[in-house]
Every structure is written in structure tokens, then in C-alpha cells.
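# Working through the structure, step by step
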Amino acid sequence: MPLSRSIEAIRADFPILAITVHGKPLVYLDNGATTQKPLQVIQTMDELYRTANANVHRGVHCLSDMVSERYEAARETVRAFINAPRREEVIFTANTTASINAVAFSFGERFVGEGDEIIISGMEHHANIVPWQMLCERKGSKLKVIPFSDEGVLDLEAYRNMISGRTRIVAVTHVSNVLGTVNPVKEIVAEAHRHGIPVLVDGAQGVQHGTVDVTDIGCDFYVFSGHKVYGPNGIGVLYGRTELLNEMPPYQGGGDMVANVTFEKTTYNELPFKFEAGTTNFTGAIGMAAALDYLTGLGREAVAEREQALLAQATAGLSTIDGMRIYGTAPHKVSVVSFLTGKIHQYDAGMILDKMGIAVRTGTHCAQPLMERYGISGNIRASIAFYNTEEEIEALVNGVRKATEMLG
Amino acid sequence: MTIDELQDQIIEEFAQFGDWMERYEYLIEMGRELPPFEETHRRPDFLIEGCQSRVWLYPSFNDGVITFEADSDALITRGIVALLVRVLSGRTPDEILGTDLWFIDRIGLKENLSPTRSNGLLAMIKQMRLYALAYKSKAEQS
């Protein structure tokens with residue numbers, strides 16, 4: 001299935017892709033850290049501030065109504081994008097990290113106690129480790145970690161054996177931000193549900209590569225960030241099943257999340273507002289919805305197909321370099337390649353690539369336990385988006401080859 | 001040669017390079033030429049942990065001057081470490097404390113000293129100054 005538009009037209013939608021850095025055309029391959037924004041998003045937000053800015057859910061005046069309606073329409077766009085059953089199950093947060101912290105705090109308050117267990121995996125981003133560790137410290141509960149193979153595949157047998165009568169929640173990443181592995185989240189959820197245990201799926205690296213269907217996955221929570229899906233930063237999503245969200249206490253108090261406030265007692269508003277205290281990032285939400293519409297317009301399957309083709313090119317090209325080691329060779333992975341060559345240090349390579357105009361990420365990628373698993377201090381990560389070109393992948397391969405020669 | 005004369009000399013050395021790759025090649029070469037770091041000094045006390053690269057710094061104080069031995073796990077960082085050692089090692093605490101290190105900026109390596117870069121270099125310079133301060137007060141007390 002081809003993209004609905006030519007690659008030239010698509011690239012023209014992203015003004016930043018045309019800039020030069022250090023006098024060289026920008027080759028942006030750090031999409032796993034953040035994605036660039038199409039004009040459709042930039043213009044939506046610009047137009048919003050020019051013509052429809054007012055606080056949501058507050059006023060009786062025309063502007064407030066207009067923006068409130070668009071904010072709720074954005075919620076519907078998100079719902080449809082991840083195929084959530086109900087609109088009120090989509091809660092706007094600041095980002096993935098905020099969403100996970102919200103669940104760890106709120107779910108943890110209600111359902112986790114001393115001696116209970118929480119299962120995560122060994123390939124989590126710090127954002128899906130630390131909030132659970134903090135919960136464990138508060139409650140005296142225990143963190144269990146699913147191991148994975150050298151290829152970057154989770155050990156499901158170990159996972160099954162890890163589940164116990166004390167397990168209260170499983171929190172796993174949909175896609176590893178370092179290895180690119182697409183985890184079998186549907187299977188993981190099914191196994192947990194057999195024991196009545198809810199599952200949170202970290203979709204920060206999963207939602208932007210093709211289609212995501214939370215109803216099909218069956219997860220209880222799915223979280224992601226707007227800025228990693230071609231939307232603005234400062235906006236994130238927490239999808240949660242109504243039954244659980246209703247049981248969970250609010251984690252922040254303030255305006256809009258309340259039904260009735262007296263100094264004696266406050267009753268809380270309904271979903272989703274119970275979890276959206278204070279003025280939300282409504283411009284961000286509306287901007288993110290524009291990004292999701294943009295991806296839908298391109299064809300999400302086509303986006304995934306193009307990224308897979310670029311991934312194959314990058315993997316094959318990089319593999320021709322002497323001493324190349326690729327971290328993450330799972331059969332099912334997204335367009336992320338993490339690697340090291342010979343004895344070179346990732347920081348040196350990143351600095352040299354930068355001067356060639358090539359933006360990659362170097363270091364531990366906020367996944368220190370994963371680096372420890374491989375016995376390395378970090379690596380180089382090229383994360384590819386549909387707007388990247390075959391020429392850019394070639395530039396990466398040539399750049400890495402040159403850096404390897406300089407440093408070897 | 002004073003610290004400032006040495007800074008000027010380094011700026012001149014870098015002025016001959018046409019592009020970034022040449023500058024980096026020179027830094028890599030200097031990194032390689034840095035005397036090997038004594039393995040017994042490779043201890044947590046002398047490690048400056050950065051997120052991107054790590055730096056080791058070992059000071060000693062003899063006859064009123066401080067000698068720095070240093071290392072990094074990344075070659076370009078080691079090259080910059082070598083420059084800092086060349087400028088600040090073998091100096092008195094007062095010389096080190098009275099120095100404004102402007103050469104890094106002038107040779108285009110300023111971003112390497114940004115607090116957000118976290119490669120250990122900014123912390124290394126701070127640590128060199130702290131050692132100078134400590135040796136100075138120790139010398140004044142004795």
C-alpha cells in the first residue's frame with residue numbers, strides 16, 4: 001500500500017527537514033527522541049491562538065465553547081486513533097511519563113499494598129521503571145523484571161512463571177526505545193488477564209509506527225506522548241478502562257476535576273475530567289489531534305511499510321561496516337537501529353555525525369538497565385521516520401563508516 | 001609560557017584547520033598522545049561521571065605546582081581533556097584559580113562545556129579549580 005502522497009510532498013510538509021546544520025543538509029534520524037511537526041500541526045496551533053483561544057470547560061462565552069468543543073473533538077480523534085471503546089477513557093496528560101506516574105500513583109494507592117508485586121520488563125525506559133520503584137518504596141511492594149534474549153525478545157516463559165497471587169499490575173513497553181522490538185503485548189495481556197491482573201502498555205515508541213488497537217490488545221492502560229507522534233510536546237495520553245479508572249482516586253486536585261467543593265468535602269467530577277485537574281494543555285491536545293489526522297491521511301499501514309523498507313536498508317548498509325554490532329535483532333521490530341562499531345565510543349561517533357549534519361542519539365537512551373544487560377556504557381541509535389529518504393540512510397551509513405575510520 | 005600565551009597558541013593551531021573533520025582528527029590524535037592513565041588511579045574517587053562520556057582526573061601537588069593526569073573513555077573527550085591538561089597542569093593553584101578558559105570557545109568547542117551535554121568536561125574544569133583551591137589552602141596552613 002503506497003503513501004497517499006509523494007515523499008517530496010510529504011517532506012515539504014515538514015519545514016525543519018529543509019534546514020542545514022553545520023553547513024550540511026539536516027539528516028534527522030533521532031525520531032525516537034522526538035518527531036518533527038508537519039505544517040498541518042503548526043498551522044492548527046497557530047490558527048487556534050489567533051482565532052479561538054479561551055479556557056476550556058470554563059466560560060459560557062462563544063470562544064470558550066468553541067475551544068471546548070475542539071478539545072473534546074481531539075479526544076474523539078485520539079479515541080478513534082487507538083480504537084478505545086469510549087471517549088471518556090482518553091485522559092490528556094503532559095506526556096508518557098506523566099501518564100505512567102498517574103497510574104503508578106493512583107492505581108497504586110487503591111490496589112497495591114505491602115508484599116504485593118509489580119511486573120515490568122528488562123527493556124523498559126526509565127519512565128516505566130522509576131514510577132513503579134517509587135510505588136514499591138511507598139508501599140513496601142516488590143518489582144519483578146521479565147528478562148530478554150540477546151536478540152531482544154522477551155522471555156515469556158519466565159514471565160508466566162513470575163506471575164503470582166501477589167502480582168497487582170504488569171507494565172511493559174509496546175516497543176523498546178533502544179532495540180526496536182515490538183513486544184507481544186496481546187499475549188502478555190491475555191496471560192495477565194487469566195489471573196485477573198491488569199496491564200499497562202507503554203506506547204511511547206509504539207503508537208507512531210502503523211496501527212494500534214487497544215481493544216484488540218486488550219490492555220487496561222495505554223500511554224503515549226504527542227511529541228513522538230508528530231504532535232506538539234507537553235501533551236500526552238492516558239487511555240484507561242472505565243471500570244478501573246472509576247475505582248482509582250484522582251492523583252491531582254484542582255479545578256475542573258471536581259463536582260462539588262465545600263471545605264468539609266469535595267466530590268469528584270466524572271471521567272475523564274476527574275483526572276484532568278487545572279487548565280489542561282488544550283492547544284497541545286488539538287495540535288496532537290491534527291498530527292494523528294495527518295498520519296491517518298497518509299495511511300498508517302503505508303507509513304509502517306515505508307519505515308520497514310528504510311529499516312531494512314539501514315540494517316543492511318550498517319552491517320557492511322567492519323566490526324558492526326547491532327543491538328536488537330528481534331524478528332518483529334520498528335524502524336530503530338542501535339549499534340556500535342569496533343571499539344569506538346558512541347559519544348565520539350555522535351559528535352562526528354553531528355558535524356556531517358546527521359542527528360542521531362547517543363548514550364544510554366534512558367535505559368541504563370538495558371545497557372547493563374549488554375555490558376555497554378551506551379550506544380548509537382538511528383531512529384527512522386517515514387519522511388526519511390533512501391539518500392539519508394545512505395548518508396548515515398557513509399557517515400558511520402567515516403567515523404569508524406577516524407576513530408578506529 | 002603563561003596560561004594565556006598557551007591558550008593563544010592552541011587557538012593558532014586550530015586556525016589552520018579547514019573543516020570540522022580536521023579539527024576532530026587533531027583532537028583524536030591529541031587524545032591518543034595523552035600519557036596513559038595510571039590504572040591504580042582509575043578509582044571512583046577520581047571518576048567524573050557524565051551521561052555521554054566519563055572522565056578521570058588525578059591531581060598531585062609538588063613544589064607548589066599541581067600536576068594533573070587525566071583520561072576519558074571517549075576519544076574526542078580525551079582530546080579536549082588533553083588540551084585542558086596541557087593548559088592547566090604544572091601550574092600553581094593561583095594561576096589555575098586566576099584563569100579564564102576562553103580558548104575552548106574560540107576553537108569552536110564551546111558546546112562541549114554546556115551543562116546539558118553531560119560529558120564530564122565541565123565538571124572536570126570545576127574539579128580542577130576545586131583541587132587548586134584545596135591545595136592552596138593546604139599550602140597556606142602549613
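All values reported here derive from a predicted model rather than from experimental measurement.

### Thoughts on unusual backbone geometry
Residues and elements named next belong to chain A. That bond from Leu271 to Pro272 is cis: its omega, 0 degrees, falls within 30 degrees of zero. Position of Pro272 relative to the elements: it lies in the loop between strand 12 (266-268) and helix 10 (282-298). The backbone phi angle of Cys366 is positive, close to 55 degrees, even though this residue is not glycine. Along the chain, Cys366 falls in the loop between strand 16 (361-363) and helix 13 (368-374).

### Re the pairing of strand 5 (residues 117-121) of chain A
Residues and elements named next belong to chain A. For strand 5, the tally of buried residues reaches five of five residues, placing the bulk of the element in the interior. The alternating pattern of strand 5 places Glu117, Ile119 and Ser121 on one face and Ile118 and Ile120 on the opposite face, and all of these are buried. With five bridges joining them, strand 5 and strand 6 (residues 142-146) adopt parallel strand pairing. Residue pairing for strand 6: Ile120 is matched across the bridge by Val145. Regarding topology, helix 5 (residues 130-139) serves as the crossover connection from strand 5 to the parallel strand 6, and that connection is right-handed.

### Examining the packing of aromatic side chains
Residues and elements named next belong to chain A. Within this structure, the stated rule accounts for 21 aromatic pairs over all chains. Look at Phe14 and Tyr294: their rings are 5.7 Å apart centre to centre, the planes differ by 80 degrees, and that puts the pair in the edge-to-face class. With Phe14 in the loop between helix 1 (7-13) and strand 1 (20-21) and Tyr294 in helix 10, the pair connects residues that are 280 residues apart, well separated along the chain. Phe14 sits in the buried class, given a relative accessible area of 1%. By relative accessible area, which is 7% here, Tyr294 ends up buried.

### Examining the pattern of salt bridges
Overall, the coordinates contain 32 salt bridges over all chains when judged by the stated rule. The salt bridge partner of Arg79 of chain A is Glu76 of chain A, with a shortest N-O separation of 3.0 Å. In this pair, Arg79 of chain A and Glu76 of chain A are both assigned in helix 3 (residues 62-82), three residues apart and thus about one turn of the helix distant. The class of Arg79 of chain A is buried, set by a relative accessible area of 18%. As a salt-bridge pair, Arg91 of chain B and Glu95 of chain B come within 3.5 Å of each other at their nearest N and O atoms. Counted as one network, the salt bridges with shared partners bring together Glu157, Arg160, Glu187, Glu191 and Arg194 of chain A.

### Brief notes about the interface of chain A and chain B
Facing 14 residues of chain A, the contacting portion of chain B comprises 17 residues. Roughly 1500 Å² is buried in total at the junction of chain A and chain B, and carbon and sulfur atoms are behind 58% of that figure. Sorting the residues of chain A by area buried against chain B places Tyr347, Lys355 and Met406 of chain A first, and these three jointly supply 42% of that buried surface. When the shortest N-O distance is used, the salt bridge between Lys355 of chain A and Glu111 of chain B registers 3.1 Å. Joining chain A to chain B, the criterion identifies seven residue pairs in polar contact (both at pLDDT 80 or more). Within the residue set of the side of chain A that touches chain B, elements represented by two or more residues are helix 12 (346-355), strand 16 and helix 14 (390-407) of chain A. The element contributing the most residues to the side of chain A that touches chain B is helix 12 of chain A, with six residues. Of the residues that constitute the side of chain A that touches chain B, the class distribution is six nonpolar, five polar and three charged.

### Looking at the sheet that holds strand 4 (residues 90-93) of chain A
All names here are of chain A. Strand order in this open sheet of seven strands is 4-10-9-8-7-5-6, and the pairing throughout is mixed. The strands lining the two open edges of the sheet, one partner per strand, are strand 4 and strand 6. Neighbouring strand axes in the sheet, compared pairwise and without regard to direction, differ in orientation by 20 degrees on average. The pairing of strand 8 (residues 199-202) with strand 9 (residues 221-225) spans three bridges and is classified as parallel. Within strand 9, the residue paired with Val201 across the bridge is Tyr222.

### A closer look at helix 4 (residues 96-111) of chain A
Residues and elements named next belong to chain A. Look at helix 4: 21 Å from first C-alpha to last across 16 residues, which is about the 22 Å you get at 1.5 Å a residue. Inspection of helix 4 places Thr96, Ser99, Ile100, Ala102, Val103, Ala104, Ser106, Phe107 and Gly108 among the buried residues, and these make up the whole buried set. Here helix 4 starts with a cap whose side-chain oxygen sits 3.2 Å from the backbone nitrogen of Thr97, and that cap is Asn95.

### Some points on helix 11 (residues 300-319) of chain A
All names here are of chain A. Taking 1.5 Å per residue as the helical rise, helix 11 with its 20 residues ought to reach 28 Å, and the 28 Å between its terminal C-alpha atoms agrees with that figure. Along helix 11, the residues that are buried comprise Arg300, Ala302, Val303, Ala304, Arg306, Glu307, Leu310, Leu311, Ala314, Gly317 and Leu318. Packing partners of the buried residues in helix 11 comprise helix 1, helix 3, helix 10, strand 13 (324-327), strand 14 (336-341) and helix 14.

### Side note on the domain arrangement of chain A
Many descriptions give the size of an interface as the accessible area lost when the pieces come together. Residues and elements named next belong to chain A. Taken as a whole, chain A is organised into domain 1 (7-30 + 300-407) and domain 2 (43-296). Computed from C-alpha atoms alone, the centre-to-centre distance between domain 1 and domain 2 is 28 Å. Counting residues at the interface gives 35 residues for domain 1 and 31 residues for domain 2. For the pair domain 1 and domain 2, the summed buried area comes to about 2700 Å², and 57% of that belongs to carbon and sulfur atoms. Between domain 1 and domain 2 we count one salt bridge in total. Across the contact surface, domain 1 and domain 2 share 19 residue pairs in polar contact (both at pLDDT 80 or more). When residues in the side of domain 1 that touches domain 2 are grouped by element, the largest group, six residues, is from helix 13.

Rules and cut-offs
Residues numbered from 1 in each chain as written. Chains lettered and ligands numbered in written order. Predicted model: local features only at pLDDT ≥ 70, side-chain atom pairs only at ≥ 80, totals over all residues. Heavy atoms only, no water. Helix = DSSP H or I, 4+ residues; strand = E, 2+ residues; numbered from the N terminus. Buried < 20%, exposed > 50% of the residue type's maximum accessible area, 1.4 Å probe, protein only. Pairing = 2+ DSSP bridges. Right-handed = clockwise from strand over helix to strand, strands pointing away. Phe/Tyr/Trp six-rings, centres within 6.5 Å; stacked < 30°, edge-to-face > 60°. Salt bridge = Lys/Arg side-chain N within 4 Å of Asp/Glu carboxyl O. Contact = heavy atoms within 4.5 Å. Buried area = accessible area lost by both parts, 1.4 Å probe. Polar contact = N/O pair within 3.5 Å; in protein donor to acceptor, adjacent residues only side chain to side chain. Nonpolar A, V, L, I, M, F, W, Y, C, P; charged D, E, K, R; others polar. Axes fitted to C-alpha atoms, helices over the stretch in contact; angles between N-to-C directions. Expected span 1.5 Å × (residues − 1). Domains from an automatic or database assignment.

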